[in-house]
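Observations on the model geometry
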Amino acid sequence: MATTKKRRVFEEGHTRKFLVIVDETQEVESALFYSALRMAHTAGSVILLYIIEPQDYQHWMGVRQVQLEEETTKAKALFRLFRRKLNQAGFEQVASEEVIREGEKASEILKLIAEDEDIAVLVLGASTDARGPGPLVSALAAGKAAGNFPVPVTIVPGRMSLD
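The following refers to the structure shown. (Residues numbered from 1 in each chain as written. Predicted model: local features only at pLDDT ≥ 70, side-chain atom pairs only at ≥ 80, totals over all residues. Heavy atoms only, no water.)

In this section: the pattern of salt bridges. Throughout the structure, instances matching the rule amount to nine salt bridges. Between Lys 74 and Glu 71 there is a salt bridge, with the nearest N and O atoms lying 3.6 Å from each other. Here the residue Lys 74 and the residue Glu 71 both occupy positions in helix 2 (residues 61-88), the gap between them amounting to three residues, near one helical turn. Lys 74 sits in the partly exposed class, given a relative accessible area of 29%. When its relative accessible area of 17% is taken as the criterion, Glu 71 is described as buried. Across the pair Arg 101 and Glu 115 runs a salt bridge, and its minimum N-O distance is 2.4 Å. Here Arg 101 is found in strand 3 (residues 95-102), whereas its partner Glu 115 is found in helix 3 (residues 105-115), with 14 residues between them in sequence. We classify Arg 101 as buried; its relative accessible area is 16%. (Salt bridge = Lys/Arg side-chain N within 4 Å of Asp/Glu carboxyl O. Helix = DSSP H or I, 4+ residues; strand = E, 2+ residues; numbered from the N terminus. Buried < 20%, exposed > 50% of the residue type's maximum accessible area, 1.4 Å probe, protein only.)

Here it is in structure tokens:
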């Protein structure tokens, strides 16, 4: 696990940030709206993190480059979509940052938390699938790293609405 900097969210000049992992699953919206609601009341911001996971065919540089470009384009489109949804829900004042990383999801999440001492909470949406909470929730919140995770992890129901 990466070495984590001291959290400085309550020091002068720092703002509290909630980290939301962006992908195309429906539970992302639950995590996003929960985070925005909390940040609207605490004058913090939301970090939207999209992670491009390595593919099996990385040995072909041309294919890898095309995949990176496609995934970056998809990430930017998702960022625009979620920002529009936040604005339509009345969260125009909630600041957001957009981060794109390449690598294994759990590792990149931990690296970003280690680098940004203002990240206070990781917010995950639980899968709505009957098979379980989802791979990211299982790996981070219930896996071997759970007891040593550098920030609190909030898991919101995947079907949670703003009401």
